[in-house]
Amino acid sequence: MLKKIFVSFLFSFFIMNFLTAFAVEQLYFNRFVADNAGVLDTKAERALNRRISDLQRRTSADIAVVTIRTLRGQSIEDAALEIGRKYNVGKSGKNNGVVFLVVTNDRKVRIEVGYGLEGTINDAKAGRILDEQVLPYFKQGKYQGGILRGTHVLSQEIASSYGVTLADAYKVGRPPSSRSSKNLTWIYVIIFVLAIFLPGRRRYGYGRRYSSFGSSFGGGSFGGSFGGGGGFGGGGVSRGW
């Protein structure tokens, strides 16, 4: 009896680990971007690739932009580290890569920094980029805007450390203010209250809309356009919203 329980436990353990790894291993990279969550339109994806390609050409550094819906219980720190190492993000010998990982359904984001850029993008700076440039968009459900803004600022910081200037691949506005976000929240509250108390009206639910992409990740390209690095040691910052 105990033997059967032990065998069942081991089987469940290996299955869970296999499924967790599966979420990360089957990313589809279009050059520097793997948008498995389906939050980027074609124009935005092309703009990101132009920006990161220019960064790579001028500095040899890489940024991997990855979106997925859920990690199925895996920590975002482990996932970002695995992506950086598996896909060799950064230049071989320089390890100057960054993984910008967004997990939409889990509502988590991480900037994972390779060894060669830890002096340029330390934890404090990575945290400020997320808090001030990315999360104001994400809190309003504007994933594309936050990803564009975050990638722009990250690439700008890296380029500055190399003493170069990047071409503007796309226009980036200022992050949404917290004040406007609060005002929008109050508008939703008023509409909700009116919908409840006004007679003869239909009641509508308000919620965030997500992409129709599934949480299982099909095959595709496993490569990307990275430089063969992959030296990551866990440096970086995670946030939730």
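Just so it is clear, the model here is predicted, and its values are computed rather than measured.

Draft legend 1. Geometry of the overall build of the protein. A count of helical and extended segments in the protein gives six helices and five strands. Ordered by position from the N terminus, the helices and strands of the protein form the series α-β-α-β-α-β-β-α-α-α-β. Expressed as a percentage of the 241 residues in the protein, the buried residues total 44%. Across the protein, the fraction of contacts at a sequence separation of at least 24, relative to all contacts at a separation of at least 6, is 78%.

Draft legend 2. Expanded view of the confidence of the model for the protein. The pLDDT averaged across the protein works out to 79; a share of 68% of its residues lies at or above 70. Counting interchain partners and residues more than four positions distant, the pLDDT-below-50 stretch residues 18-23 has nine contacts.

Draft legend 3. Region of the structure containing the nonpolar core. Residues Ile-63, Phe-100, Leu-101, Ile-111, Phe-138 and Ile-147 are the most contacted members of the largest nonpolar core, which totals 59 residues. When near neighbours in sequence (up to four residues on either side) are disregarded, Ile-111 contacts Val-98, Val-99, Phe-100, Ala-126, Ile-129, Leu-130, Leu-154, Gly-235, Gly-236 and Val-237.

Draft legend 4. Structural view of the packing of helix H2 (residues 42-59) against helix H5 (residues 143-162). Two elements in contact, H2 and H5, have axes whose closest approach is 10 Å; the angle formed by their N-to-C orientations is 10°. As judged from the angle between their axes, H2 and H5 are roughly parallel. Between H2 and H5, the contacting residues are Ala-44, Leu-48, Arg-51, Ile-52, Leu-55 and Thr-59 on the first element and Gln-144, Ile-147, Leu-148, Thr-151, His-152, Ser-155, Gln-156, Ile-158, Ala-159 and Tyr-162 on the second. For the contact of H2 with H5, the class distribution of residues is nine nonpolar, six polar and one charged.

Draft legend 5. The arrangement of unusual backbone geometry in detail. Look at Arg-31: it is not a glycine, yet its phi comes out positive at around 60°. By the secondary structure assignment, Arg-31 is in the loop between helix H1 (2-25) and strand E1 (33-35). Judged by relative accessible area, which is 37%, Arg-31 ranks as partly exposed.

The rules behind the values
- Residues numbered from 1 in each chain as written.
- Predicted model: local features only at pLDDT ≥ 70, side-chain atom pairs only at ≥ 80, totals over all residues.
- Heavy atoms only, no water.
- Helix = DSSP H or I, 4+ residues; strand = E, 2+ residues; numbered from the N terminus.
- Buried < 20%, exposed > 50% of the residue type's maximum accessible area, 1.4 Å probe, protein only.
- Contact = heavy atoms within 4.5 Å.
- pLDDT = per-residue confidence, 0-100.
- Core = buried A, V, L, I, M, F, W, Y, C linked by side-chain atoms within 4.5 Å.
- Axes fitted to C-alpha atoms, helices over the stretch in contact; angles between N-to-C directions.
- Parallel < 35°, antiparallel > 145°, perpendicular 65-115°, else oblique.
- Nonpolar A, V, L, I, M, F, W, Y, C, P; charged D, E, K, R; others polar.

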